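Observations on chain architecture
Here are the chains, one letter per residue:
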Amino acid sequence: MDYEKWIKKVPSELKHDSVWTLQVYRISLYLSEFTWEDIRPIIDGRLYSLSDQLYRSVGSISANITEGYSRRSYKEQARFYEIALGSTRESKDWYFKSRHILGDKIVNHRIKILTKITKLLLTMIKERRSSHDAREPNVDYTINDINPFISDIPIPKSNNVRP
């Protein structure tokens, strides 16, 4: 599903919430949309644990961003953004493990989006933690253009079994 078409389907109540202003929230919520499609062939292969782990880790990203965003102190916000960062990395791991079912094209696409989310979260964490720096030395998470990740989304084929 194209990003612009997806945004039109998002309920206005979500879009009018101030958390919607965070690009990282919108991207992570969008990722969870097509992760739902990604788990179908995994379920078809009867790898229920893998599909559950993948969907939960991706879903946890936007959930922790919204919870952190709702906290008053920067310290608390940073803590939830760090949890979201952990879920982002966990999602990369589960996507890599599912490459034999989903294929390299889909997995590489999802990992690139997760890398963008990682970069955004690291920036947010750094801004909120003056004494604790969550950045990693010598790691470049630069992705200048998000457009290749939000259009022409590869979706796995399934035999129409709904999760």
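Since we're looking at a predicted model, the values are computed, not measured.

Attention now moves to the nonpolar core. Counting residues in each nonpolar core, the largest one holds 40 residues, and the members touching the most others are Trp6, Leu22, Val24, Ile65, Ile117 and Leu121. Mapped by element, the contributors of at least two residues to this core are α1 (3-9), α3 (23-44), α4 (48-69), α5 (74-97) and α7 (104-128). Sequence-distant contacts of Leu121, defined by excluding residues within four places in its chain, comprise Val24, Ile65, Tyr81, Ala84, Leu85 and Thr88.

Looking now at the pattern of salt bridges. Considering all chains together, one arrives at eight salt bridges under this definition. A salt bridge links Asp38 to Arg110, with the shortest nitrogen-to-oxygen separation between them at 2.8 Å. With Asp38 in helix α3 and Arg110 in helix α7, this pair connects stretches of sequence that are 72 residues apart. For Arg110, a relative accessible area of 0% gives the class buried. When salt bridges with common partners are traced through the structure, they connect Glu67, Arg71 and Glu76 into a single cluster.

It is worth spelling out the packing of aromatic side chains at this point. What the rule picks out here adds up to seven aromatic pairs. Measuring from ring centre to ring centre gives 6.2 Å for Trp20 and Tyr25, while their planes differ by 75 degrees; the resulting arrangement is edge-to-face. The exposure class assigned to Tyr25 is buried, which follows from its relative accessible area of 5%. For the ring pair Tyr30 and Phe34, a centre distance of 4.9 Å and an interplane angle of 85 degrees mean the geometry is edge-to-face. Residue Tyr30 and its partner Phe34 are located together in helix α3, separated by four residues, close to a single helical turn. Judged by relative accessible area, Phe34 falls into the buried class, the value being 2%. Among the aromatic residues, ring-to-ring pairing joins Tyr3, Trp6, Trp20, Tyr25, Tyr30 and Phe34 into one connected group. Over the ring of Trp94 we find Lys97, and its NZ or CZ is 4.4 Å from the ring centre. The cationic tip of Arg99 hangs over the ring face of Phe96; the distance from NZ or CZ to the ring centre is 3.8 Å.

Running from N to C, α5 and α7 cross one another at 165 degrees; their axes reach a closest spacing of 9 Å. Comparing the axis directions of α5 and α7 gives the class roughly antiparallel. When you trace α5 past α7, the crossing you get is left-handed. In terms of residue class, the contact of α5 with α7 is built from 15 nonpolar, five polar and five charged.

Once that is clear, we can look at α5. For α5, built from 24 residues, the straight-helix expectation of 34 Å at 1.5 Å per residue is met to within 8% by its first-to-last C-alpha distance of 34 Å. Along α5, the residues classified as buried are Gln77, Ala78, Phe80, Tyr81, Ala84, Leu85, Ser87, Thr88, Ser91, Lys92, Trp94 and Tyr95.

Parameters at a glance
- Residues numbered from 1 in each chain as written.
- Predicted model: local features only at pLDDT ≥ 70, side-chain atom pairs only at ≥ 80, totals over all residues.
- Heavy atoms only, no water.
- Core = buried A, V, L, I, M, F, W, Y, C linked by side-chain atoms within 4.5 Å.
- Buried < 20%, exposed > 50% of the residue type's maximum accessible area, 1.4 Å probe, protein only.
- Helix = DSSP H or I, 4+ residues; strand = E, 2+ residues; numbered from the N terminus.
- Contact = heavy atoms within 4.5 Å.
- Salt bridge = Lys/Arg side-chain N within 4 Å of Asp/Glu carboxyl O.
- Phe/Tyr/Trp six-rings, centres within 6.5 Å; stacked < 30°, edge-to-face > 60°.
- Lys NZ or Arg CZ within 6 Å of the ring centre and 35° of its normal.
- Axes fitted to C-alpha atoms, helices over the stretch in contact; angles between N-to-C directions.
- Parallel < 35°, antiparallel > 145°, perpendicular 65-115°, else oblique.
- Left-handed = near helix turned anticlockwise from the far one by under 90°.
- Nonpolar A, V, L, I, M, F, W, Y, C, P; charged D, E, K, R; others polar.
- Expected span 1.5 Å × (residues − 1).

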